[in-house]
Amino acid sequence: MRYWTAGESHGQTLIALVDGFPAGVALETAPIDRELERRQGGYGRGGRQRIEKDTVQIRTGIWKGQSIGSPIALEVVNRDYKLERLDDLPKPRPGHADLTGAIKHLGSIRGVLERSSARETAVRVAAGALAKQLLAPFGITVVGYVVELGGEKIEPVSGTPEELIALRDASEIYSLDPSRDAAFKQMIDETRKAGDTLGGVVEVRVEGLPFGLGTHAQWDRKLDGRLAQAVMAVQAIKGVEIGLGFEAARRRGSQVHDPIHYDESQRDTPNLGFTRPTNNAGGLEGGMTNGQPLVIRAAKKPISTLAKPLASIDLNTKEAVDASYERSDVCAVSAASVIVENVVAFEIAVALTDKFGSDSLTEMLSRYELFLKLARER
Ligand SMILES: Cc1cc2nc3c(=O)[nH]c(=O)nc-3n(C[C@H](O)[C@H](O)[C@H](O)COP(=O)(O)O)c2cc1C
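Nothing here was measured: the structure is a model prediction, and the numbers come from that model.

Cut-offs applied
Residues numbered from 1 in each chain as written. Predicted model: local features only at pLDDT ≥ 70, side-chain atom pairs only at ≥ 80, totals over all residues. Heavy atoms only, no water. Pairing = 2+ DSSP bridges. Helix = DSSP H or I, 4+ residues; strand = E, 2+ residues; numbered from the N terminus. Contact = heavy atoms within 4.5 Å. Axes fitted to C-alpha atoms, helices over the stretch in contact; angles between N-to-C directions. Salt bridge = Lys/Arg side-chain N within 4 Å of Asp/Glu carboxyl O. Buried < 20%, exposed > 50% of the residue type's maximum accessible area, 1.4 Å probe, protein only. Parallel < 35°, antiparallel > 145°, perpendicular 65-115°, else oblique. Left-handed = near helix turned anticlockwise from the far one by under 90°. Nonpolar A, V, L, I, M, F, W, Y, C, P; charged D, E, K, R; others polar.

What follows concerns the sheet that holds strand β1 (residues 2-6). Overall, antiparallel pairing links the four strands, which are arranged β1-β2-β6-β3 in an open sheet. The strands lining the two open edges of the sheet, one partner per strand, are β1 and β3 (57-58). Packed on one face of the sheet, helix α5 (residues 121-135) meets β1, β2 (13-19) and β6 (72-77) and runs near 35° to β2.

As structure tokens, then:
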């Protein structure tokens, strides 16, 4: 299973083409639309989000409400379609694809920024939210939230996926501590007034994973590597950590690796009874899921377009100028948590189809049950 996207920020439409999605999955647009709405939200967004009200249309690959095993085209139409009326932007913005893309393609900055814009993530979210509908019958949940904003940490709390979602959805920042929203909103407001922007860190937690998604056997099918690629490929993400991440490098081995215990009472759960008192590995060992929750974090840099612009060069005259300013977000870390959540969901679904087949949900579920039975008897 895989997907590609097409579409420009102010073009007619955005498309995700999902190939290899199994047959027999009941598909609904409402859960996809909810994710699209969350992606547009979060405190600190710019005017564009007030123009767009994203909804998805499932254009192909569906019959009587179910997937049929053919490619699925997901479409999110741009309300703010005006590309043909837009001019070029001669003054490349530092931190964007503007300068390099225009030189690489021997063309305009407009032609580059329209595609490099994070508007494209609307359909990545749609593809991930579609993938979640495949994960649901396996009891796999994926929850993303903000754990750091503007350099201030927000410690994640533990809880069931439902509890985490309730906390997160009560927060305008999409963190697990809504009581700190007011302080973060003030930080965002002050940053906006100063003509500056903010970044942060998001975390995604995946529960209900069976053993053995991914592989130790070949580099390009290791799940940690695949997740890292999917997450790093989100606009403005500059770092990815799994489990302890960089902190693991600073500790002794005895303070990093998760001891292996056995608890017979959990034999019928996806961990097969193999419990770990800690989860510093973040649910992945040797490029495979190890029956523990998967925990992955991503660092998002501050928005590159500044209301108080950085120094740049006019590409036509080569004169020193201020960088161009286009309507922009001040902080999109909350939105990034939605995007990272959904690109992770897609990669998990890919790994699930790699292990249990991708022709039909019915076959996948029976192979999944058989695998659990054989693994318990092993
Ligand atoms: C949800 C989200 C919203 C974004 N909104 C903006 C924005 O309004 N203005 C801007 O300059 N950059 C924005 N960005 C960041 C740029 O898309 C990104 O930094 C740029 O395409 C360069 O890519 P790179 O940072 O991955 O190198 C946003 C990123 C994300 C994830």
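From this point, the narrative continues.
This brings us to the pattern of salt bridges. Pairs may arise between side chains of opposite charge once their charged atoms sit close together. According to the stated counting rule, one finds 28 salt bridges in the structure shown. Notably, a salt bridge pairs Glu341 with Arg168, separated by 3.1 Å at the nearest N-O pair. Placement of the pair is Glu341 in helix α9 (residues 333-356) and Arg168 in helix α6 (residues 161-169), with a sequence separation of 173 residues. The exposure classification of Glu341 matches that of Arg168, with both residues buried. With its nearest N and O atoms 3.0 Å apart, the salt bridge here joins Arg251 to Glu247. In this structure Glu247 comes out as partly exposed when scored by relative accessible area, which is 28%.

Right, let's talk about the packing of helix α1 (residues 30-40) against α5 for a bit. Running from amino to carboxyl end, α1 crosses α5 at an angle of 140°, the nearest separation of the two axes being 9 Å. Between α1 and α5, the interaxial angle falls into the category oblique. Crossing of α1 over α5 shows right-handed handedness. Residues Pro31, Ile32, Glu35, Leu36 and Arg39 of α1 pack against Thr121, Ala122, Val125, Ala126, Ala129, Leu130, Lys132 and Gln133 of α5. Looking at side-chain class alone, the contact of α1 with α5 contains eight nonpolar, two polar and three charged residues.

So, on to the sheet that holds strand β10 (residues 211-214). Working definition: the strands of a sheet are paired by backbone hydrogen bonds and lie parallel or antiparallel to each other. The strand order across the open sheet formed by three strands is β10-β15-β14, and the pairing between neighbours is antiparallel. Each having just a single partner strand, β10 and β14 (284-285) make up the two edges of the open sheet. Sheet topology note: the β14/strand β15 (residues 288-290) ladder contains two bridges and is antiparallel. Considered in β15, the bridge of Glu285 is made with Met288.

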